[in-house]
Number of protein chains: 2
Amino acid sequence: MLGAMQDWELRVSLLADHAAREYGSREIVTRWADGSETRTDWAGIRRDALKMVQALRRLGIEKGDRVATLGMNHSPHLVTWYGATGAGSILHTINPRLFDDQLDYIANHAEDRVLIYDASFQPIIDRMKPRWKTIEHYICFDSGEHATPFDEWIGAEDGDADWTEGDERDPCMLCYTSGTTGNPKGVLFEHRSNMLHTYAAIMPQCLDLDARSVVLPVVPMFHANNWGFPWAAAAVGAKLVYCANNDPANLCDLIGKEGVNYLAGVPTVWLSLCQHVDEKGEDLPPITHALTGGSAMPRAMVERLMKAGIRVAQAWGMTETSPISTIAYESSDWEDLDLDAKVSLKAKQGKALFGVELRTVDLDDPSKVLPRDGKSSGALQVRGLWVIRRYFKAEEDAADEDQWFDTGDVATIHPDGTLQLTDRTKDVIKSGGEWISSVELENAAIAHPAVAEAAAIGIAHPKWDERPILVVVRKPGMHVTGEELRGLLADKVAKWWLPDAVEFVDEIPHTGTGKISKKDLREQFADYRLAE
Amino acid sequence: MLGAMQDWELRVSLLADHAAREYGSREIVTRWADGSETRTDWAGIRRDALKMVQALRRLGIEKGDRVATLGMNHSPHLVTWYGATGAGSILHTINPRLFDDQLDYIANHAEDRVLIYDASFQPIIDRMKPRWKTIEHYICFDSGEHATPFDEWIGAEDGDADWTEGDERDPCMLCYTSGTTGNPKGVLFEHRSNMLHTYAAIMPQCLDLDARSVVLPVVPMFHANNWGFPWAAAAVGAKLVYCANNDPANLCDLIGKEGVNYLAGVPTVWLSLCQHVDEKGEDLPPITHALTGGSAMPRAMVERLMKAGIRVAQAWGMTETSPISTIAYESSDWEDLDLDAKVSLKAKQGKALFGVELRTVDLDDPSKVLPRDGKSSGALQVRGLWVIRRYFKAEEDAADEDQWFDTGDVATIHPDGTLQLTDRTKDVIKSGGEWISSVELENAAIAHPAVAEAAAIGIAHPKWDERPILVVVRKPGMHVTGEELRGLLADKVAKWWLPDAVEFVDEIPHTGTGKISKKDLREQFADYRLAE
């Protein structure tokens, strides 16, 4: 070597050290389901995490062992993020909304040795305990009725310990995707991938976080790395406000009392918040930053938030991408755009963050890379510094030899690099050799005031291979006919896209994470026959 | 392995790829010394850099070889940043303001094989050529009179090439510190350290750069990694505006014409800009971001810029820290502060960026770490992800076994982590077992309207070990006595800090980078005797 710079492993424990040292008294607030509040700070989070490191060692937990949580958003949950990873073990955040068979599968597949859970999930524990073969220790975040209470468990330690050292490419977190087909698949985040994602996510053209940020992440901590907030907030000294009850009245009260200026949640969170203030005749709470993701935020909602002076940022990503891949941010000509153009920009999925690369390939021939012309629609692939290579315990890589990972989304990329999602690969309908977007049909149908929910699926057709049908749930007490809906759609999509039939049902099946389950819907309509 | 995320080497070439792909048409503008302008864009920079990669390979330049530049700020210079590093060679940015002996030393020490230079530096080339033993190829950025012109050199290639691959810990840049003692020392930046510094620097609480930024870096490209702008601008798609002539009238004109909203330069740049607009009776140009560093920006200047609605950010760092270590940014209680408090915050050196750690140790006993109490003053040490480990070709590490690097600065760290520099280690004056800050004496003296420049040095004293004297240059036609200055200082510093004598001189010696040379001044006053 000729000389050079210092060697440091990019371990997430550096974040806890930095936050405790530079922003030790910056608060972390939790409002629990019963309305009570607890307060700690970054110094407290680090101290408790080090106590947890000692407590895990005392249980014999070793490097690489899995430590699971089944909890909502609160500060002890944040402690486990730094405690489990700081002990060299792997934090496995379990989604309590999964079905029992999935809960069974993932805890056994992960070989979790410890489970730390909210008392409110005691029924799940009672039900699943006989099926979970590897969990040796149960600890309860907020009660000691059926298990060791978390406070008592870590309270037996003095916190005078060091983080477990190791390579930056060591895994530190495990998060399963719910998966609409087959078993859930585990994404194993590394210390390094989390650290690089953290740096990138803080950027002004991504989360735009700084020491003034007071963040209320409504997105659950068990979901997709919690969009990175537990790490990014530590890097910049942001205050975190957690809430167990996401009722809009409760959120508005908490926002006001704790000075929250940054709210992050899926579009339905924003929808219920808007409905609430409308009913009360109130203004939107005085937040400055709205982050959304998970599904597309309706244009009207983007416009409303922007008119209230809120900086709206819509991100796209998935658990497999840590999760942020793209975000819609202010373009170089932003100041020259009118409101309408600004809303249009923010209503798309945005551009790739530095560290991530996108492309689309032909749905029939994946070796054919499509142009970024804003027209060609194809399978979206992604690669980069915090993108998955291989699922947990998988035999083969999930990415190809050039590291391209197929997202399962269908998308168009515009000439300026802006991503526009059009469908899921497995949901597009192939008719006469051409592709029909199920999402575009659904979006058009949902605009009708009487439609509560709509799903388009392909039905086998002897001549056209597949033809779309639209399955619709009407709003209570409202009426609409299939012909009316086809008439509405005729104005919005190509004529050959029009569904051959509209079927009204009482209910559409959903997955464990609340998405429409097209798989179940297709099974339900397996014997459906279209007139030729 | 259990599975995990993708492996990518953090190479700076990823920045050129990203900028060209996502912001290909974002402009890079250069106004040359003769007033002419040239325009390219990020796609053009990448294309030309790949041509340069081919041209270097054709010259037989191999991985790790040094490619030097001797140039001001312009787009071909930016091309060499990505071209030299993209070819796997090491870009050595030479400071043309160095003395001949230093220029001799560093080019030979670096073993530069290629030198690309501005035609305006032809006299340096003519003078130094016989002394530079290793340089095989001379290429001129902007003329073909005495060497191959750069355009012609890369113009012979087609750009159809790939970046040289390698490890992220490969060195990519070499930058010598001018050094007030001994020979200049080379800092060897790595691809990885530059990439991590880039991510960190973009943060809202650091450079606060995004796609809307139009940056005019007045700081020279040969100085301290150009504060990171050539890399950070590529990551976010910022427009770069370069200027060969930093005359304030020229800067103001360029700012207006190119829509510059971000200006970065040492305090004297801001001083001359303010003087210019005052003389013309104009407002400050409509920039939104002012970045400064190199030396402390006077409080009055901070206040003036802030009142003009400009976001002022004062950074501290050094070549050895890539360079940004700390920056003064908006605190969590920013909105509650009055202007005076805001100015005070921004007039300090700020807090450590995530990735860097600071501490102070006792000047007499470096094993004693000092508290962060805002009072204790000691030797400032730094360590972190983009901090030097070992100088180029050095036999020993510059950092200790815990990676602490002694900055040579004397500082106080406040309880909130804010850094306040008080002196250089070798310039503090030891009197009666206690330390006197030469910088504080100088800052107090410079406040007098008749003082053009002031330097405090220690003079040997039989009883007190050392006593300070103040060396002063008066402004033309102005008058002030030593007693008047001592009277002014008596209000600002402890009585025992007051200089024993004030000496008026016509000129104070400076280093090659324009700083006061205390070393030369001490030599000049070596035989000076104080009354006992």
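Residues numbered from 1 in each chain as written. Chains lettered and ligands numbered in written order. Predicted model: local features only at pLDDT ≥ 70, side-chain atom pairs only at ≥ 80, totals over all residues. Heavy atoms only, no water.

A closer look at the overall build of chain A
Broken down by element type, chain A carries 15 helices and 27 strands. Scaling as 2.2 N^0.38, a compact globule of 532 residues should have a C-alpha radius of gyration of about 24 Å, and chain A matches this with 24 Å. For chain A, the spread of C-alpha atoms along the three principal axes comes to 75 × 65 × 50 Å. Burial statistics for chain A: of 532 residues in total, 62% are counted as buried. In chain A, 66% of the contacts between residues at least 6 apart in sequence involve partners at least 24 apart. In the form shown here, chain A has an accessible surface area of approximately 20300 Å², with 47% of it arising from carbon and sulfur atoms. Mean positive and mean negative side-chain charge positions of chain A (56 and 82 charges, respectively) differ by 2 Å. (Helix = DSSP H or I, 4+ residues; strand = E, 2+ residues; numbered from the N terminus. Rg over C-alpha atoms; globule rule 2.2 N^0.38 Å. Buried < 20%, exposed > 50% of the residue type's maximum accessible area, 1.4 Å probe, protein only. Contact = heavy atoms within 4.5 Å. Areas by Shrake-Rupley, 256 points an atom, 1.4 Å probe, with all protein chains shown as cover. Lys, Arg positive; Asp, Glu negative; His and termini not counted. Charge placed at Lys NZ, Arg CZ, Asp CG, Glu CD.)

What about the relation of the copies chain B and chain A?
The two copies are related by a screw operation: chain B maps onto chain A through 180 degrees of rotation and 0.0 Å of translation along the axis, at an RMSD of 0.2 Å. Both copies of the chain, as the preceding transformation shows, are related through a two-fold rotation axis. Taking C-alpha positions as the reference, the residue of chain B nearest the rotation axis is B:Met203, at 2.5 Å. The fraction of interface residues of chain B whose copies in chain A are also interface residues reaches 100%, indicating that both copies meet through the same surface. (Least-squares fit on C-alpha atoms with pLDDT ≥ 70 in both.)

Describing the sheet that holds strand E19 (residues 378–384) of chain B
Strand pairing within a sheet occurs via backbone hydrogen bonds; the two strands may be parallel or antiparallel. Residues and elements named next belong to chain B. One open sheet holds the four strands; their spatial order is E18-E19-E21-E22, and the pairing between them is antiparallel. The strands lining the two open edges of the sheet, one partner per strand, are strand E18 (356–361) and strand E22 (419–424). Within the sheet, the average angular offset between the axes of one strand and its neighbour, ignoring direction, is 50 degrees. (Pairing = 2+ DSSP bridges. Axes fitted to C-alpha atoms, helices over the stretch in contact; angles between N-to-C directions.)

Points about unusual backbone geometry
A cis amide bond links A:Ser322 to the next residue, A:Pro323, at an omega of 5 degrees. As for its position among the elements, A:Pro323 is in the loop between strand E15 (311–317) and strand E16 (324–328). Even without being glycine, B:Ser322 reaches a positive phi, approximately 75 degrees. Mapping B:Ser322 onto the fold places it in the loop between strand E15 (311–317) and strand E16 (324–328). Residues other than glycine seldom take positive phi values, yet B:Lys393 does so here, at roughly 65 degrees. Position of B:Lys393 among the secondary structure elements: in the loop between strand E20 (388–390) and strand E21 (405–413).

Concerning the side chain of A:His461
Residues and elements named next belong to chain A. Mapped onto the fold, His461 is located in strand E25 (residues 451–461). For His461, a relative accessible area of 9% gives the class buried. Only 3.1 Å separates the side chain of His461 from the backbone nitrogen of Trp464, close enough to count as a polar contact. (Polar contact = N/O pair within 3.5 Å; in protein donor to acceptor, adjacent residues only side chain to side chain.)

Some words on the packing of aromatic side chains
Enumeration over the complete set of coordinates arrives at 18 aromatic pairs over all chains. Ring plane angle 55 degrees and centroid distance 5.4 Å describe the contact between A:Phe141 and A:Phe150, whose orientation is recorded as tilted. Residue classification places A:Phe141 among the buried positions, given a relative accessible area of 4%. On the numbers, 5.3 Å between centres and 55 degrees between planes, the contact of B:Trp81 with B:Trp231 is tilted. Here the residue B:Trp81 occupies a position in helix H3 (residues 75–86), and B:Trp231 occupies one in helix H8 (residues 229–236), the gap between them amounting to 150 residues. The pair B:Trp81 / B:Trp231 is uniform in exposure class, with both members buried. (Phe/Tyr/Trp six-rings, centres within 6.5 Å; stacked < 30°, edge-to-face > 60°.)

Describing the interface of chain B and chain A
On the side of chain A, 75 residues touch chain B, which itself brings 75 residues to the contact. Broken down residue by residue, the surface that chain B buries against chain A is led by B:Met5, B:Tyr199 and B:Phe354, which jointly contribute 15%. Across the salt bridge formed by A:Arg169 and B:Asp7, the nearest N and O atoms sit 2.6 Å from each other. Here chain B and chain A share 39 residue pairs in polar contact (both at pLDDT 80 or more) between them. Looking at the side of chain B that touches chain A element by element, the count peaks at seven residues for helix H7 (residues 191–202) of chain B. (Buried area = accessible area lost by both parts, 1.4 Å probe. Salt bridge = Lys/Arg side-chain N within 4 Å of Asp/Glu carboxyl O.)

Remarks on the pattern of salt bridges
Inspection of the entire model under this criterion finds 87 salt bridges over all chains. Taking the shortest distance from any N to any O, the salt bridge between A:Arg39 and A:Glu258 comes out at 2.8 Å. You can see A:Arg39 sitting in strand E3 (residues 37–41) and its partner A:Glu258 sitting in helix H9 (residues 248–258), a full 219 residues away along the chain. Since its relative accessible area comes to 43%, A:Arg39 is described here as partly exposed. Notably, a salt bridge pairs B:Asp101 with B:Arg131, separated by 2.9 Å at the nearest N-O pair. With B:Asp101 in helix H4 (residues 100–110) and B:Arg131 in the loop between helix H5 (122–128) and strand E7 (137–140), this pair connects stretches of sequence that are 30 residues apart. Exposure remark for B:Arg131: the relative accessible area of 28% places this residue in the partly exposed category. Several salt bridges share partner residues, and in doing so they unite A:Glu27, A:Arg31, A:Glu37, A:Arg39, A:Lys239, A:Asp253, A:Lys257 and A:Glu258 into one network.

Some points on helix H13 (residues 438–446) of chain B
Residue and element names in this part refer to chain B. The set of residues buried in H13 consists of Ser438, Leu441, Glu442, Ala444 and Ala445. Projected down its long axis, H13 shows its buried positions confined to an angular sector of 165 degrees, all on one face. Of the residues that open H13, the one with a side-chain oxygen 3.3 Å from the backbone nitrogen of Val439 is Ser437. (Arc of directions from axis to C-beta.)

Regarding the packing of helix H11 (residues 299–307) of chain B against helix H12 (residues 339–346) of chain B
All names here are of chain B. At a minimum axis distance of 9 Å, the contact between H11 and H12 shows a crossing angle of 120 degrees. Classified by the interaxial angle, the pair formed by H11 and H12 is oblique. Considering only the axes of H11 and H12, their crossing is right-handed. Along its contact with H11, which presents Arg299, Val302, Glu303, Met306 and Lys307, the element H12 presents Leu339, Asp340, Lys342, Val343, Ser344 and Lys346. In terms of residue class, the contact of H11 with H12 is built from four nonpolar, one polar and six charged. (Parallel < 35°, antiparallel > 145°, perpendicular 65-115°, else oblique. Left-handed = near helix turned anticlockwise from the far one by under 90°. Nonpolar A, V, L, I, M, F, W, Y, C, P; charged D, E, K, R; others polar.)

As for the sheet that holds E3(A)
All names here are of chain A. Pairing in this open sheet of nine strands is mixed, and the strands run E3-E2-E12-E11-E13-E14-E15-E16-E17 from one edge to the other. Looking at strand neighbours, the two that pair on one side only are E3 and strand E17 (351–352), the edges of this open sheet. Two strands pair when backbone bridges link them, and strand E2 (residues 27–31) and strand E12 (residues 239–243) are joined in this way by four bridges, in the parallel orientation. Residue pairing for E12: Arg31 is matched across the bridge by Cys243. Those strands touched by H9 are E2, E3, strand E11 (214–217), E12 and strand E13 (262–264), and its axis lies near 155 degrees from that of E12.

Some remarks on the state of the cysteines
Summed over the entire model, instances satisfying the criterion amount to zero disulfides over all chains. The thiol of A:Cys206 is unpaired, and the distance to the nearest cysteine sulfur, on B:Cys206, comes to 17 Å. A:Cys206 sits in the buried class, given a relative accessible area of 0%. There is no disulfide at B:Cys175, and the cysteine sulfur nearest it, in B:Cys172, is 11 Å away. (Disulfide = S-S within 2.5 Å.)

Side note on the domain arrangement of chain A
Residue and element names in this part refer to chain A. Entries for chain A in the domain assignment read domain 1 (13–264), domain 2 (356–424) and domain 3 (429–524). A C-alpha centroid distance of 30 Å is found between domain 1 and domain 2. Listed as interface residues are 14 residues of domain 1 and, on the opposing side, six residues of domain 2. Taken together, the links from domain 1 to domain 2 amount to one salt bridge. For Lys393, the salt bridge is made with Glu111, and the minimal N-O distance between the two is 2.5 Å. The interface formed by domain 1 and domain 2 includes three residue pairs in polar contact (both at pLDDT 80 or more). If you list the elements that add at least two residues to the side of domain 1 that touches domain 2, you get helix H4 (100–110), strand E9 (171–177), strand E10 (185–190) and helix H7 (191–202). Here the side of domain 1 that touches domain 2 is built from residues that sort into seven nonpolar, four polar and three charged. (Domains from an automatic or database assignment.)

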